[in-house]
Structure formats: structure tokens, C-alpha cells
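Chain residues, written in single-letter form:
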Amino acid sequence: MTRRGLTLFLFMGVIWGMPYLFIKEAVDTISPAGVVAGRTLGAAVILLPIAAWKGALRPVLAKWPWVLAFAAIELCGPFMLLSHAEQTLPSGLTGLLVSTVPLVSTVIAFTRGDRAAMSVGRIAGLAIGIGGVALVVGGGGDGSVTAVAVFEVLLTAVCYAIAPFIVATRLHDVPALGSSALSLAAAGILYTPIGALTQDGTPAGRSVAALVALAVVCTALAFVVFFALIAEIGPTRATLITYVNPVVALALGAALLDEQITLAMLIGIPLILVGCRL
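Described in the following lines is the structure provided in the data block. (Residues numbered from 1 in each chain as written. Predicted model: local features only at pLDDT ≥ 70, side-chain atom pairs only at ≥ 80, totals over all residues. Heavy atoms only, no water.)

1. Digging into the packing of aromatic side chains
Given two aromatic rings, one states the distance between the centres and the angle between the planes to describe the pair.
Logical step 1: In the structure shown here, the tally under the stated rule is four aromatic pairs.
Logical step 2: Arranged with centres 6.3 Å apart and planes meeting at 85°, the rings of Phe-70 and Phe-223 form a pair that is edge-to-face. Here Phe-70, found in helix α5 (residues 64-85), pairs with Phe-223, found in helix α11 (residues 205-233); they are 153 residues apart in sequence, far enough to count as distant. Both residues of the pair, Phe-70 and Phe-223, belong to the buried class.
Logical step 3: Aromatic side chains Phe-70 and Phe-227 sit 5.4 Å apart centroid to centroid with 70° between the ring planes, which places their arrangement in the edge-to-face category. Residue Phe-70 is found in helix α5, and its partner Phe-227 is found in helix α11; the two are separated by 157 residues along the sequence.
Logical step 4: Phe-227 gets classed as buried once you look at its relative accessible area, which sits at 5%.
Logical step 5: Within the aromatic cluster, the residues linked to one another by ring pairs are Trp-16, Phe-70, Phe-223, Phe-226 and Phe-227.
Logical step 6: Between the NZ or CZ atom of Arg-39 and the centre of the ring of Phe-79, over which it lies, the distance is 3.7 Å. (Phe/Tyr/Trp six-rings, centres within 6.5 Å; stacked < 30°, edge-to-face > 60°. Helix = DSSP H or I, 4+ residues; strand = E, 2+ residues; numbered from the N terminus. Buried < 20%, exposed > 50% of the residue type's maximum accessible area, 1.4 Å probe, protein only. Lys NZ or Arg CZ within 6 Å of the ring centre and 35° of its normal.)

Have a look at this one:
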């Protein structure tokens, strides 16, 4: 990995370990659809003028079907699933469950002809990493964990594994800024009326602040960097950030939300990191 690739990887590992904390705070008084709407539309409002100024929108419009496909698989589905799941799941545990993304990504790469994706070392790494996740899930609950919420997060992981391949194969030759801006705008337009209809009461200040952080830092800035990471190291390796994100998510959840850290988590996290390295 190049120095640029490593820098982008570490930055994304941190910046996408933060959303779980912000989502947990936001859904406290904002509906899940409202969180998705605010996050995506807010980010689009930031990125669209910049993309237009740089001439990054016109080339992307020619590939609008793939932009919409990316929006559906990377944004509309996962953001809603995560927001709904975190109404009951701890933020740290949610982040840990998302670390199953590389397993799905490796299978996809193998089916697309990358036989190296299933080398002995990588299979061992995946097995160790998923074993760590299983240990964390099995011993990391606080009684609020439900099968439905866990399934929602695992389905999110599947979506997150598929989306980078759309970028790498269908959107690699168009400006990343334009792709990000238009996909976020599409998701925001879809969810804004749903969010308005499902909102009950006035959101608290902390929830609004968390939503702003989600839109500006964890979405607008993050997606520009994520596209650059995919271009630098490829879609399969790019998904490995989901092995680093959970450590950040767990630390933030424990420090700021008083979420429980169990012995199973302390054993499982090193296994996840070892799996990532392999």
C-alpha cells in the first residue's frame, strides 16, 4: 500500500468509526428516516455547489443509472437500516457487526474472477476476524440486542460490500465529487418527505448537533475521501476499513455513552485486528 493509500485508509478508519455514536444520539429524538434525510440532504447541499463549480456533475449525469444504484446500495438502504437498528443496539456493537463487510467483499471478488481473494492466508484472516466478531456479539449484549436489529446491521454489511464494486467498475471514470454529490442528493430527496411524515415531536438540541456532524464530517467529507481510497487501493481492500471502524466506535460508545465493554469484546477486538492484517 502506498503512503497516500495508508493515510486515506487510516483517516477513513477513524471518520467512519464515528457515525455510530452520532446516529445513536440522533435517533433519540429524530425518526430513523429523518436522520437519513438530514444526513444525506445536508451533505448534498455542501457538495453540490462545489461539484458544479469544478464541473464534476456533467460527466456523472451520463451514468445516472449507476449513480442511483450506488445511492440505493450505499446510502438509502444502509443508512435507514443502521438508524433503525440503533434504536435498540449499542453504537459500539453496531460498529463491530459492520466489520463483517470484508467477508462479503472477498466472496464478491472471488466470484468476479479474483482467485487470490480466496488464498489460504486471506481465508484464515477472514475466519479469525469473523470469529472475533462472533465472540463480541455473543458476549457483548446488554439485554437490548434483538435478532431483527442484528440482521439489519448484517444486511447493511452486505450493501457496504457491494457498493465499492459499483464505484470501481461503473463510476471509476467519472469525478468522485460529482458521484458523491448526486447520490447523496437522490437519497435526500427520497427520504425527506418520509422523515417529515414519521417525525414525532421537536428534536432535542443534542440530536440536531449529532445530525449536523453526521452530514458534514461523516458523510460529505467522508465520501470524497472514500472514493479516493477506492481509486488508490481498490474496492476489496477499501472495505477493510470496517475492521478498524469498530474499535473507534466501541471506544466512543464507552467514553461518551457509558456503553458496556465486556471481556468478550476485549478478546474479540484483537482477533478482528489480526484478521484484518491477514
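Here the narrative resumes, following the displayed structure.
2. Notes on helix α14 (residues 263-277)
Logical step 1: Taking 1.5 Å as the rise per residue, α14 with 15 residues should run 21 Å; its terminal C-alpha atoms sit 22 Å apart, in good agreement.
Logical step 2: Buried residues of α14: Ala-264, Met-265, Gly-268, Ile-269, Ile-272, Gly-275 and Cys-276, and no others. End-on view of α14: buried residues confined to an arc of 125°, all on one side of the axis. Residues Leu-263, Leu-266 and Arg-277 are exposed on α14 and point more than 90 degrees away from its buried face. (Expected span 1.5 Å × (residues − 1). Arc of directions from axis to C-beta.)

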